[in-house]
Amino acid sequence: MEKEIAKISPQQILMTAIPFSYEDLEANRDGYMTARQRSRLNDDRFLIQIVGVLALMVCPVCIIAAFVLDGQRYNTVVSRVIVSSAIGLLTVGTTAYAGWRWQCLGRDLRQGKVAAVQGLISLEMGGDRNRTYRVKAADVTLKVPQHVFFAFKNGEPYCLYYAPHSRTLLSAEWLREE
């Protein structure tokens, strides 16, 4: 006697990967976020804030450590300026990105609106060592984690619901009949 294998629908796979519920999907269809989705965005905003603060705190420590740990190599004024500038630029870049991302998430949280795009999905991977995963429909490209990326079927029709300023994927709908 053969065992029957329960087939999981593509919609269920999406709901587990992103994650969202049918209530979230219904609210997103109507153009707004649920409290659960707002909480998820708020958690992301808090983590980004921590990254920005840590970057500012670590910068002076790195500059001091660079001179104390290897004083012989950086014994000229020019080399000290170069090392300090490199660490400072990295810190400024990290903090600026964190601040920009924090503001985008904040704008999405204040407005609570959801944007939608329908179309055939195009899955794109980039980078060599640090892979980036993108899901594209029509003219909208969203960066997603690897497990979300693999929940989609390339070339299939979907509707993507996302926060417009941070471009965070909130939910998705497979538009093909099973």
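A brief structural summary. (Residues numbered from 1 in each chain as written. Predicted model: local features only at pLDDT ≥ 70, side-chain atom pairs only at ≥ 80, totals over all residues. Heavy atoms only, no water.)

A few words now on the overall build of the chain. The number of helices and strands found in the chain is five helices and five strands. Counting over 178 residues, the chain shows a buried share of 39%. Here the contacts in the chain between residues at least 6 apart in sequence split such that 58% fall between residues at least 24 apart. About 11,400 Å² of surface is accessible on the chain, with carbon and sulfur atoms providing 58% of the total. (Helix = DSSP H or I, 4+ residues; strand = E, 2+ residues; numbered from the N terminus. Buried < 20%, exposed > 50% of the residue type's maximum accessible area, 1.4 Å probe, protein only. Contact = heavy atoms within 4.5 Å. Areas by Shrake-Rupley, 256 points an atom, 1.4 Å probe, with all protein chains shown as cover.)

Moving on, we come to the environment of Gly-126. As for its position among the elements, Gly-126 is in strand E1 (residues 115–126). For Gly-126, a relative accessible area of 11% corresponds to the buried category. When near neighbours in sequence (up to four residues on either side) are disregarded, Gly-126 contacts Arg-131, Thr-132 and Arg-134.

Take the sheet that holds strand E2 (residues 132–137) next. With antiparallel pairing, five strands are arranged side by side in an open sheet as E3-E2-E1-E4-E5. Looking at which strands have only one partner, the edges of the open sheet turn out to be strand E3 (140–144) and strand E5 (168–174). Strand-to-strand, the axes of this sheet are offset by a mean angle of 45°, without reference to chain direction. Relative to strand E4 (residues 157–163), E1 runs antiparallel, the two being bridged by six bridges. Looking at E4, one finds that Val-117 is bridged to Leu-160. Sitting on the sheet, helix H1 (residues 10–17) is in contact with E4 and E5, with an inclination near 170° to E5. (Pairing = 2+ DSSP bridges. Axes fitted to C-alpha atoms, helices over the stretch in contact; angles between N-to-C directions.)

Looking now at the side chain of Arg-101. Here Arg-101 lies in helix H4 (residues 77–111). Lacking a salt bridge, the buried Arg-101 has Asp-44 as its closest oppositely charged neighbour, with an N-O distance of 5.4 Å. Apart from residues lying up to four places away in sequence, Arg-101 is in contact with Ile-48, Ser-166 and Thr-168. (Lys, Arg positive; Asp, Glu negative; His and termini not counted. Salt bridge = Lys/Arg side-chain N within 4 Å of Asp/Glu carboxyl O.)

Looking now at helix H2 (residues 22–29). Turn by turn, an α-helix covers 3.6 residues, leaving residues three or four places apart pointing in a common direction. Buried residues of H2: Asp-24, Leu-25, Ala-27 and Asn-28, and no others. One face of H2 carries all of its buried residues, which in axial projection span an arc of 165°. Looking at the residues trailing H2, positive phi occurs at Gly-31, about 95°. (Arc of directions from axis to C-beta.)

Here we come to the packing of aromatic side chains. In the structure shown here, the tally under the stated rule is five aromatic pairs. Ring centres of Tyr-133 and Phe-149 lie 4.9 Å apart, and the angle between their planes is 55°; this geometry places the pair in the tilted category. Remark: Phe-149 occurs in helix H5 (residues 146–149) and Tyr-133 occurs in strand E2; sequence separation between them is 16 residues. What makes Tyr-133 buried here is its relative accessible area of 10%. Plain terms: the ring middles of Phe-152 and Tyr-158 are 4.9 Å apart, the flat faces sit at 70° to each other, and that makes the pair edge-to-face. An identical accessibility class is assigned to Phe-152 and Tyr-158; each is buried. Taken together, the aromatic side chains of Tyr-133, Phe-149 and Phe-150 make up a single cluster linked through ring pairs. The ring of Trp-102 has Arg-45 lying over it, and the distance from NZ or CZ to the ring centre is 3.8 Å. (Phe/Tyr/Trp six-rings, centres within 6.5 Å; stacked < 30°, edge-to-face > 60°. Lys NZ or Arg CZ within 6 Å of the ring centre and 35° of its normal.)

A few words on the pairing of E4. Burial of E4 is extensive: seven of the seven residues sit out of reach of the surface. Of the two faces of E4, the one carrying Pro-157, Cys-159, Tyr-161 and Ala-163 and the one carrying Tyr-158, Leu-160 and Tyr-162 are both buried. Turn length for the E4-E5 hairpin, with the two strands adjacent in sequence and antiparallel, is four residues, and the turn residue Arg-167 shows positive phi of about 55°.

Attention shifts here to the nonpolar core. Counting 37 residues, the largest nonpolar core has Leu-14, Ile-121, Phe-152, Leu-160 and Leu-169 as its most contacted members. Residue contributions to this core peak at six residues, all from E4. Those residues in contact with Leu-160, other than ones at most four positions away along the chain, are Ala-115, Ala-116, Val-117, Ile-121, Val-135, Ala-137, Leu-142, Phe-152, Leu-169, Ser-171 and Ala-172. In terms of nonpolar packing, the next biggest core, distinct from the first, is built from five residues, Cys-59, Ile-63, Ala-66 and Val-83 among them. (Core = buried A, V, L, I, M, F, W, Y, C linked by side-chain atoms within 4.5 Å.)

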